[in-house]
Amino acid sequence: MLSDNLEKVKARIQAACKRVGRNPDEITLVCVTKGVGVEKIREIIGLGILDIGENRIQEARLKYDLLAGIERRVRWHLVGHLQKNKAKYAVRIFDLIHSVDSWELACVINREAAKIGKPQAILIEVNISGETTKFGLKPQDTLPLTREILNLGNLKLSGLMTIAPIVDNPEKARPYFRMLRELRDKINQQLTTSPSTWLGASHPPLDLARGKLSALSMGMSQDFEVAIEEGANLVRIGRAIFNPRNQ
Ligand SMILES: *Cc1c(COP(=O)(O)O)cnc(C)c1O
């Protein structure tokens, strides 16, 4: 049952927080609903989930049209790669775009957001493992892009996102999560201005202690506990909630 799966995931999040002395309220659970039907999404929203993640624009548009009118409180997260020619749809739907990985894409999103008068919250996707199959910026290119994005008036850069390599043991993903946290901290040390947080005024801030890049979107069904131990504050979880037997 969906509610049992969700409770188990929440309990695992809490346990991971406890191990490292973190407050579970710092963690936003983004339910990744790619391939999941609208009825199931409605059900998960009914169970109190307000953060929904999708990875393809086409699929997200259909679901958004079916759900947005009913569930206005839901925050939509784009976790998959975004093509420039789809940016205009992305800014209409998504509260947070996790996958900005080039200056050109940032510029297009900024322009489309300006057209509809929206401050668009984004994360920079970093290819922290260097795998050639992955999207994302090289770690060393992240600070320069951060500085450039701060000049784009309709973007609110809130932090970093990564996808860890698929490994047989989640412990093997730990070094990559740690590297993303260290990269964020290094960037924050070097920034002189403060980008705002992605959350709207009606939501509590993720972590404004630093006043700089706060968000770390990392951890999926296979490795979210390790990611939390390493500082994740957004975890993107699909299978563990919707399809636990196939994990
Ligand atoms: C599918 C997906 C997830 C969720 O993965 P699960 O293994 O189903 O938890 C998280 N992030 C991204 C970018 C995804 O595409």
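Above this note sits the structure.
Structure report, in brief. (Residues numbered from 1 in each chain as written. Predicted model: local features only at pLDDT ≥ 70, side-chain atom pairs only at ≥ 80, totals over all residues. Heavy atoms only, no water.)

### Concerning the packing of aromatic side chains
Stage number 1. Inspection of the entire model under this criterion finds 1 aromatic pair.
Stage number 2. Pairing Tyr64 with Trp76 gives two aromatic rings, centres 5.5 Å apart and planes at 75°, and the pair type is edge-to-face. On the criterion of sequence distance, the pair formed by Tyr64 in helix α3 (residues 57-67) and Trp76 in strand β3 (residues 75-78) is long-range, its members being 12 residues apart.
Stage number 3. By relative accessible area, which is 24% here, Tyr64 ends up partly exposed.
Stage number 4. Residue class for Trp76 comes out buried when judged on its relative accessible area of 3%.
Stage number 5. In this structure, Arg61 is placed above the aromatic ring of Tyr89, and the distance from its NZ or CZ to the ring centre is 3.6 Å. (Phe/Tyr/Trp six-rings, centres within 6.5 Å; stacked < 30°, edge-to-face > 60°. Helix = DSSP H or I, 4+ residues; strand = E, 2+ residues; numbered from the N terminus. Buried < 20%, exposed > 50% of the residue type's maximum accessible area, 1.4 Å probe, protein only. Lys NZ or Arg CZ within 6 Å of the ring centre and 35° of its normal.)

### Section: the pairing of strand β6 (residues 155-161)
Stage number 1. Counting buried positions over the 7 residues of β6 gives 7, a clear majority of the element.
Stage number 2. Summarising the sheet, strand β5 (residues 120-125) and β6 pair through 6 bridges and their orientation is parallel. By the bridge assignment for β6, Glu125 is matched with Met161.
Stage number 3. Chirality of the crossover, the property in question, places the unit of β5, helix α6 (residues 139-149) and β6 among those that are right-handed.
Stage number 4. In the sheet, β6 pairs with strand β7 (residues 215-217) via 3 bridges, with the strands oriented parallel. (Pairing = 2+ DSSP bridges. Right-handed = clockwise from strand over helix to strand, strands pointing away.)

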